Amino acid sequence: MEQYVIKGGHTLHGEVEIGGAKNAALAILAAATMTDETVTIENLPDVRDINVLLQAIEELGAKVNRMSPHKVSINGSFIRSYCVDNEFIRKIRASYYLIGALLGKYNNAEVALPGGCDIGSRPIDLHIKGFKAMGAEVEIAHGLVAAKAEKLKGTHIYLDKVSVGATINIMMAAAMAEGKTVIENAAKEPHIVDVANFLNSMGANIRGAGTDVIRIVGVSKLHSTEYAVIPDQIEAGTFMCAAAATGGDVLVKNVIPKHLEATSAKLIEAGCKIEEYDDAVRVIAPKRLTHTQVTTLPYPGFPTDMQPQMAVVLGIAEGTSTVTESIFENRFKYVDELTRMGATIKVEGNVAIISGIKKYTGARVNAPDLRAGAALVIAGLAGEGITVVDDIHYVERGYEHLEEKLRKLGAVIDKVSSEKELHKFILKVS
Ligand code: UD1
């Protein structure tokens, strides 16, 4: 079992390059199966969830050519099976994008019910409502979602709740449906715009992505394209929080600063100075951070995927902060771990009340999910002494070479895979 081991207390300084957005790339890879021509995707993050999805796409019969860690070409003309089920795909949430893609192209999809991080109940009723409204028959049995249609027909769909996954999935299915589909109360996240741009570059007709009404006129065929995925706003935000928590000064490069506005705004309230450039943001941390209030909301609100990292920053800010989680009910699982590092946090319902302490103290902690794992790494970097983060396979689902990037910024961190290696690291740094 691999672990991160960190010797805390080193200020982060320098520059870090952000990779492609995992959540955009997952949907784009699924959508790439919707044409018989070859699609080339660049700026792909080389992380576990992406590799699992690519393997599933290959198992469908598609030709997948990983030209380099960050570039892949996919040719869907060889797809002969519409069923996706293996022990790995069951663990990733984004497997559901293959339902929209396969149903849209082949009118037939059978996909293992999505898993993913256990951050709360994660229904897919809105996805199913959308597919049914377009004329599909959808059944859930034996752990699979089976969706079939004679021919999908465009329609008017109102989403009862703002959902990233449902918006993208319905958009993909509608791209090749007959006639016009209107999605109302659509999610507006940057990756929705990215997936729409990608589909449009393949010949789809999608307008309004990034607003709450998306209009799609179905086309009968999609064609080849070359496309680069947008930068990952959550990876960027994670490094911004790491800079803030360690009292650092870090230039986060290859980002779209607009996508980071909610995180930047909260870090400014916490006392950081943020400088915005065309494709970079610089975070300069104060001597002591200040308390603030954070509520997670759909974009352009504060992202739920940044909630644990921001809570770690506020855990060492002067005064009392509150963090309200309004998207997923189970996203405070890191609190017990952080408490073991000295944090004073009380969770009441969906609100965490944080009384800032001066410093975390190193401890052995478990990553309960992807973003919470990254947050515990930040706590370890900011803390005193040695922190060991277990279960880092969660973190590796969404961060590429996290420890290497942090080391370049001056962090003392390593990935170890045995007690022997762990003790060697501790001996070396003490
Ligand atoms: C995606 C992201 C995840 C991020 C989340 C919110 C991927 C692979 N994952 O997840 O990292 O935290 O957006 O930004 O891109 N809901 C329903 N019914 C549905 C679908 C969702 O009730 O059919 C609810 C969910 O329980 C949740 C809310 O809607 O409370 C938002 O979920 P959603 O935006 O769909 O998140 P995901 O697409 O699962």
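No experiment lies behind these values; they were computed from the predicted model shown.

S.K.: Break down the sheet that holds strand S9 (residues 144-148) for me, with residues and values.
M.R.: Spatial ordering of the open sheet is given by S6-S7-S9-S8, a layout of four strands whose pairing is mixed. Strands at the two margins of the open sheet, each flanked by one partner only, are strand S6 (83-84) and strand S8 (137-141). Strand direction decides the pairing type here: S8 and S9, joined by five bridges, are antiparallel. Bridge pairing in S9 places glutamate 137 opposite lysine 148.

S.K.: Tell me about the pairing of strand S23 (residues 386-390), residues and numbers included.
M.R.: Remember that side chains alternate between the two faces of the sheet whenever the strand is regular. Among the five residues that make up S23, four are buried, leaving the element largely enclosed by the rest of the structure. Sheet topology places strand S1 (residues 3-7) next to S23; four bridges connect them, and they run antiparallel. Across the sheet, the residue bridging to valine 5 is valine 388, located in S23. Of the strand pairs in this sheet, strand S22 (residues 364-366) and S23 are connected by three bridges, and their pairing is parallel. Note on S23: the bridge partner recorded for asparagine 366 is aspartate 390. One crossover worth recording links S22 to the parallel S23 by way of helix H11 (residues 370-382), and it is right-handed.

S.K.: Give a detailed account of the packing of aromatic side chains, specifying residues and quantitative values.
M.R.: Across all of its chains, the model carries four aromatic pairs by this definition. Aromatic side chains tyrosine 96 and tyrosine 97 sit 4.7 Å apart centroid to centroid with 80° between the ring planes, which places their arrangement in the edge-to-face category. Per residue, the accessibility class of tyrosine 96 equals that of tyrosine 97, and both read buried. Across the ring face of phenylalanine 78, the terminal group of lysine 63 is positioned such that the distance to the ring centre comes to 4.2 Å.

S.K.: Go over the environment of aspartate 279, please, and point to the residues and values.
M.R.: Examined against the element boundaries, aspartate 279 turns out to sit in the loop between strand S16 (273-276) and strand S17 (280-284). Among the residues examined, aspartate 279 registers a relative accessible area of 46% and is labelled partly exposed. In this structure, the C-alpha to C-alpha distance between aspartate 279 and glutamate 329, residues 50 residues apart in sequence, is 34 Å. Residues in contact with aspartate 279, not counting those within four places in the same chain, are Val252, Lys253, Asn254, Val255 and Pro257.

S.K.: How would you sum up the sheet that holds strand S11 (residues 180-184)? Please name residues and give values.
M.R.: Ordered in space as S10-S11-S13-S12, the four strands form an open sheet in which the pairing is mixed. One side of each edge strand has no neighbouring strand; the edge strands of this open sheet are strand S10 (156-158) and strand S12 (205-207). Strand-to-strand twist in this sheet, taken as the mean axis angle between neighbours without regard to direction, amounts to 15°.

S.K.: Explain the packing of helix H7 (residues 233-245) against helix H9 (residues 307-315) to me, and be specific about the residues and the numbers.
M.R.: The contact between H7 and H9 brings their axes to 9 Å, and the two run at 10°. By the angle between their axes, H7 is roughly parallel relative to H9. Contacts between H7 and H9 involve Ile234, Thr238, Cys241, Ala244 and Ala245 from the first element and Gln309, Met310 and Val313 from the second. Grouping the amino acids of the contact of H7 with H9 by side-chain chemistry returns six nonpolar, two polar and no charged.

What counts and what doesn't
- Residues numbered from 1 in each chain as written.
- Predicted model: local features only at pLDDT ≥ 70, side-chain atom pairs only at ≥ 80, totals over all residues.
- Heavy atoms only, no water.
- Pairing = 2+ DSSP bridges.
- Helix = DSSP H or I, 4+ residues; strand = E, 2+ residues; numbered from the N terminus.
- Buried < 20%, exposed > 50% of the residue type's maximum accessible area, 1.4 Å probe, protein only.
- Right-handed = clockwise from strand over helix to strand, strands pointing away.
- Phe/Tyr/Trp six-rings, centres within 6.5 Å; stacked < 30°, edge-to-face > 60°.
- Lys NZ or Arg CZ within 6 Å of the ring centre and 35° of its normal.
- Contact = heavy atoms within 4.5 Å.
- Axes fitted to C-alpha atoms, helices over the stretch in contact; angles between N-to-C directions.
- Parallel < 35°, antiparallel > 145°, perpendicular 65-115°, else oblique.
- Nonpolar A, V, L, I, M, F, W, Y, C, P; charged D, E, K, R; others polar.

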